[in-house]
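Residue strings, one per chain:
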Amino acid sequence: MTDQPNAKTFRDAMRAFVGNCSVLTVGDGDQANGLVITSGISLSADPALILACVNRSSSSWPLFSPGGAFGWSSLGAAHQGVAERFSGFGGVRGSARYDGAEWETTGGARLLVGAPTAFACTVDEMIDRATHSIIIGRVRDIRTSPGAGALVYWDGQYRALT
């Protein structure tokens, strides 16, 4: 065992965790962007707060700002294509990531229609640590789609759960 594992060893080890796939959406128009996360969790029920970690080198990161709107949509079993676009597969970038799926906007946040659960949020706080910012979001609205299953990330692959 080493005292300080290198970044590749750490990332490879993290692939052993099963992560629920979600998409964070931010910006609008030509500035719309987003990314896939497996680091989204609830922080508080009262008030309703969520927490997600976003790499500061992400093309989406500059669009997050205190008080700004963003969406958090968990991905269902049928959303692997959404995950791949928001992961940048095939060189898809920016607003093109939204192509091929249906979206609704509420409170300035774009949410995936048919997502198992989706939250319209505002950025309550951003805390920088190492390579990432911890985004704390205040939930403003919630949408749910029972029976949508889940999309998880495990061992370097997306896997659908129905």
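Since we're looking at a predicted model, the values are computed, not measured.

Enquirer: Mind showing me how you'd approach the pairing of strand β4 (residues 41-45) here?
Expert: Regular strands place side chains that alternate from one sheet face to the opposite one. Here four bridges tie β4 to strand β5 (residues 48-55), and the two strands are oriented antiparallel to one another. Opposite Ile 41, over in β5, you have Leu 51 as the bridge partner. Joining the antiparallel neighbours β4 and β5 is a turn of two residues.

Enquirer: Mind showing me how you'd approach the sheet that holds strand β12 (residues 157-161) here?
Expert: Paired through backbone hydrogen bonds, the strands of a sheet run either parallel or antiparallel to each other. One open sheet holds the three strands; their spatial order is β1-β11-β12, and the pairing between them is antiparallel. Lying at the two open borders of the sheet, with one neighbouring strand each, are β1 (19-20) and β12. Strand direction decides the pairing type here: strand β11 (residues 150-154) and β12, joined by five bridges, are antiparallel. Counted as the bridge partner of Leu 151 is Ala 160 from β12.

Definitions and cut-offs
Residues numbered from 1 in each chain as written. Predicted model: local features only at pLDDT ≥ 70, side-chain atom pairs only at ≥ 80, totals over all residues. Heavy atoms only, no water. Pairing = 2+ DSSP bridges. Helix = DSSP H or I, 4+ residues; strand = E, 2+ residues; numbered from the N terminus.

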